[in-house]
Amino acid sequence: MKEQQKKKAAPVLVVLILIVLVGAAGVVSFLINRYKPGTEYMAGNEYFNLTDENSVALIQNGELLEEQAVLIGGEPYAAYTYVESQLNSCFYWDEETKGILLTTSGGVQTLLPGDAAVAKTPGGQPAVQQESDGKVYISLDVVKEYTDLDYAYYSDPNRVVIRNEWDGVEQATVQSDTAQVRQKGGIKSLILADVQKGDTLLYLENLDNWCKVMTADGYTGYIQTEDISEPEAIEARTAKKDSYERITRDHKINLVWHQSTSTESNDAMAEMTAEMTGVNVISPTWFSVTDETGTISSLASADYVKLAHEAGREVWGLIDNFNEAFDETTDLAYASVRSRIIEQLLAEAASCGMDGINVDFENLKEAGIPHYLQFLRELTSAAHAQNLVVSVDTPVPQAYTMYYQRGEQARFVDYMIVMAYDEHFAGSEEAGSVSSLPFVQQAVEEMTRVMPADQVICGIPFYTRVWTEKFGQSAITSEVLGMDGAKNYAKENQMTETWDASLGQNVATVETSDARYTIWMEDEQSMEEKLKVIQSADLAGVAEWKLGFECADVWSLISEYIETNS
């Protein structure tokens, strides 16, 4: 009986053992599959979103762009709009000539679509090509010749890797013999690229066990942290200097604007400057663009220049855009208009013997900035051929004027003059300072952030405003006063003056039965505070608006801080 029971139990035991063995094998297989790295690769064309053999992916500063380049004759070209906005705005499409205008130290070159005479690719093709749909393309190899960037083209799949920003960039070195960059942070994720020990990767982000990186040839993905070294900052790169030579002075600039609106104003210059000291540049408001064709009006005077030179001063004639018949947004889009303005201006400069040009185009619209920049490039190129200094006036950088591209302007012109005034102006909704100390500090900080300090001249006001706030009324009014005028007004109206250290100004106030009157004074104290900022930043100099608004003592004060050697 017992023997029969043993015979019956044996098969059951075998079955149980087999079940256990199968289960164990399943667990082992599960664990192996779970922790075994995936071996499937992601197709390159899929990763770079390439849909045909002539599409070229663009990777710029570590980011895969939606914008794509194209292969033309086997060479990479990018759309003009991309090149101009993202790489180098010196490639300017001129609608009138139907070509790309490229401004270099040697002048302005015209690159016509399909014409290889001026510039061509390494393969001998024209630098600029225009497709049947009208879209304009520029060879990226040609762009590289004139632009501060790193650039490389790779095939299979087609892609271009570009870098034109180097601040804060880190890199890491591959330390494993079998490392891979995957689409996502996980061993089962698709493989983007195999990397070799010693390869350098762009280090983008740390995610504990995985790090986000980019390979030299443009794949951005994830690699296991243990497979790479600690990140290191890439050695700070000194941007390649533009080949555009500036005409500068070996001394500080002390410029005063002279609002000259007639021949009588010109004649009054000698008397107005008789007691003036320290100023080495005078800028008369002689020129204005008067119509859409680029005609300019002129009050230029050789006698004026002669008197200024005899006093040891240069003359930088000012040109403005204040005439409503001229719209720089649309009119400067025409090469013929830009050329006409420049030709007339340089002819006047040669005729009267002036030393420089001061461009005072104000209230610029964003749509017109590309044309304005091209105007400055062409003007500077032509002016330098006559050894003329080119300076440009600009308002204090604010969020709503960042589109002015001041850094781009500074690539070509010799000096940038930031007008650190009109903080509060005639149309302001509230009373306030024309030029508080924080406003001047902001002007200096923002300008020197995008250009060298020795290219920046800080404009300061010789004027202020008396503000009238009628009780019971929301509207405010103001009246401009010169430095002496403000002092006299405050004295005559028995105003109380209080020093406001936060603004760097004396504030004069008085109340009558029907209104409050306030002046944020521009006097020797406020001037000195501004001059300290200019001196501390080691700027190229100072400019004052305007001659005739100053008090007698201000010239010697400016000379204490701005040593002009004149």
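Preceding block: the structure.
Quantities reported herein were computed from a predicted structural model and do not represent experimental measurements.

Reading the values: the criteria
Residues numbered from 1 in each chain as written. Predicted model: local features only at pLDDT ≥ 70, side-chain atom pairs only at ≥ 80, totals over all residues. Heavy atoms only, no water. Helix = DSSP H or I, 4+ residues; strand = E, 2+ residues; numbered from the N terminus. Rg over C-alpha atoms; globule rule 2.2 N^0.38 Å. Buried < 20%, exposed > 50% of the residue type's maximum accessible area, 1.4 Å probe, protein only. Contact = heavy atoms within 4.5 Å. Areas by Shrake-Rupley, 256 points an atom, 1.4 Å probe, with all protein chains shown as cover. Lys, Arg positive; Asp, Glu negative; His and termini not counted. Charge placed at Lys NZ, Arg CZ, Asp CG, Glu CD. Expected span 1.5 Å × (residues − 1). Phe/Tyr/Trp six-rings, centres within 6.5 Å; stacked < 30°, edge-to-face > 60°. Core = buried A, V, L, I, M, F, W, Y, C linked by side-chain atoms within 4.5 Å. Pairing = 2+ DSSP bridges. Axes fitted to C-alpha atoms, helices over the stretch in contact; angles between N-to-C directions. Salt bridge = Lys/Arg side-chain N within 4 Å of Asp/Glu carboxyl O. Polar contact = N/O pair within 3.5 Å; in protein donor to acceptor, adjacent residues only side chain to side chain. Parallel < 35°, antiparallel > 145°, perpendicular 65-115°, else oblique. Left-handed = near helix turned anticlockwise from the far one by under 90°.

1. Here's the deal with the overall build of the chain
Argument step 1. Along the backbone of the chain there are 15 helices and 32 strands.
Argument step 2. Against the globule reference of 24 Å for 566 residues, the chain gives a C-alpha radius of gyration of 34 Å, more extended than a compact globule.
Argument step 3. Taking the principal axes of its C-alpha atoms as reference, the chain extends roughly 135 × 65 × 45 Å.
Argument step 4. Here the chain, with 566 residues, has 49% of them falling under the buried criterion.
Argument step 5. Counting contacts in the chain only where the partners sit at least 6 residues apart, residues at least 24 apart contribute 67% of the total.
Argument step 6. Accessible surface computed for the chain: about 27,200 Å², of which carbon and sulfur atoms make up 48%.
Argument step 7. Of note, the chain has its 40 positive side-chain charges centred 14 Å away from the centre of its 88 negative side-chain charges.

2. Let's talk about helix α10 (residues 369-385)
Argument step 1. Taking 1.5 Å of rise per residue, 17 residues should cover 24 Å, and α10 covers 24 Å from first to last C-alpha, within 8% of that figure.
Argument step 2. Counting buried residues along α10, twelve of its 17 residues qualify, which places the element largely inside the surrounding structure.
Argument step 3. At the C-terminal side of α10, Asn-387 shows a positive phi close to 60°.

3. Details of the packing of aromatic side chains
Argument step 1. The tally for this structure, following the rule as stated, stands at 15 aromatic pairs.
Argument step 2. Plain terms: the ring middles of Phe-48 and Tyr-219 are 4.8 Å apart, the flat faces sit at 55° to each other, and that makes the pair tilted. Here the residue Phe-48 occupies a position in the loop between α2 (44-47) and β1 (55-60), and Tyr-219 occupies one in the loop between β15 (210-214) and β16 (220-224), the gap between them amounting to 171 residues.
Argument step 3. With a relative accessible area of 1%, Phe-48 lands in the buried category.
Argument step 4. Judged by relative accessible area, Tyr-219 falls into the buried class, the value being 8%.
Argument step 5. Each ring, one from Trp-257 and one from Trp-545, has its centre 6.1 Å from the other, and the planes form 55°; the classification is tilted. Of the two residues, Trp-257 is situated in strand β18 (residues 253-258) and Trp-545 in strand β32 (residues 541-545); the sequence distance between them amounts to 288 residues.
Argument step 6. By relative accessible area, Trp-257 is classed as buried at 1%.

4. A look at the nonpolar core
Argument step 1. One finds Ile-319, Ile-357, Val-359, Phe-361 and Phe-375 to be the most contacted residues of the largest nonpolar core, which totals 71 residues.
Argument step 2. The contact partners of Ile-357, leaving out residues within four places of it in the chain, are Trp-316, Gly-317, Ile-319, Leu-345, Leu-346, Leu-379, Ala-383, Leu-388, Val-389, Val-390 and Ser-391.
Argument step 3. Membership of the second largest hydrophobic core comes to 30 residues, among which are Leu-65, Ile-100, Ile-138 and Val-142.

5. Digging into the sheet that holds strand β6 (residues 107-111)
Argument step 1. Taken together, the three strands give an open sheet; going across it, the order is β4-β5-β6, and neighbouring strands pair in antiparallel fashion. Sheet topology places β4 (91-94) and β6 at the edges, where each strand pairs with a single neighbour. Shown here is a sheet whose adjacent strand axes are inclined to one another by a mean of 30°, direction ignored.
Argument step 2. Note that strand β5 (residues 99-104) and β6 share five bridges and pair antiparallel. Counted as the bridge partner of Ile-100 is Leu-111 from β6.

6. Section: the side chain of Glu-550
Argument step 1. For Glu-550, the location among the structural elements is in the loop between β32 and α15 (554-561).
Argument step 2. Buried charge without a salt bridge: Glu-550, with Lys-546 as the nearest opposite-charge side chain at an N-O distance of 9.4 Å.
Argument step 3. A polar side-chain atom of Glu-550 sits 2.6 Å from the main-chain amide nitrogen of Gly-548.
Argument step 4. With sequence-adjacent residues up to four places away left out, Glu-550 is seen in contact with Phe-462, Met-483, Asp-484 and Trp-555.

7. Brief notes about the pairing of strand β30 (residues 505-511)
Argument step 1. Summarising burial for β30: five of the seven residues are buried, a large majority.
Argument step 2. Hairpin connection between strand β29 (residues 496-500) and β30: a loop of four residues separates the two successive antiparallel strands, and Gly-504 in this loop has a positive phi of roughly 70°.
Argument step 3. Of the strand pairs in this sheet, β30 and strand β31 (residues 515-520) are connected by five bridges, and their pairing is antiparallel. Directly across from Glu-511, in β31, lies its bridge partner Arg-516.
Argument step 4. With antiparallel pairing between neighbouring strands as the criterion, β30 and β31 make up a hairpin whose turn holds three residues.

8. Structural notes on the pattern of salt bridges
Argument step 1. For the structure on display, the rule yields 17 salt bridges.
Argument step 2. Among the salt bridges present, the one from Glu-408 reaches Arg-411, with a minimum N-O distance of 3.1 Å.
Argument step 3. Taking the relative accessible area as the measure of exposure, Glu-408 reaches 14% and is therefore buried.
Argument step 4. Residue classification places Arg-411 among the buried positions, given a relative accessible area of 18%.
Argument step 5. Note that Glu-511 is salt-bridged to Arg-516, the shortest N-O span being 3.1 Å.

9. Concerning unusual backbone geometry
Argument step 1. With an omega of 0°, the peptide bond between Asp-156 and Pro-157 qualifies as cis.
Argument step 2. Within the element layout of this structure, Pro-157 appears in the loop between β9 (150-154) and β10 (159-163).
Argument step 3. Cis rather than trans, the peptide bond between Trp-545 and Lys-546 has omega equal to 0°.
Argument step 4. In the Ramachandran plot, Asp-422 falls in the positive-phi region, its phi being about 65° despite a non-glycine side chain.
Argument step 5. The phi angle at Gln-494 is positive, at roughly 50°, despite the residue not being glycine.

10. A look at the packing of helix α12 (residues 437-450) against helix α14 (residues 524-536)
Argument step 1. Where α12 meets α14, the axes come as close as 10 Å, and the angle between the chain directions of the two elements is 20°. Classified by the angle their axes make, α12 and α14 are roughly parallel. By crossing handedness, the relation of α12 to α14 is classed as right-handed. The residues of α14 that touch α12, namely those facing Leu-437, Val-440, Gln-441 and Val-444, are Glu-529, Lys-530 and Val-533.

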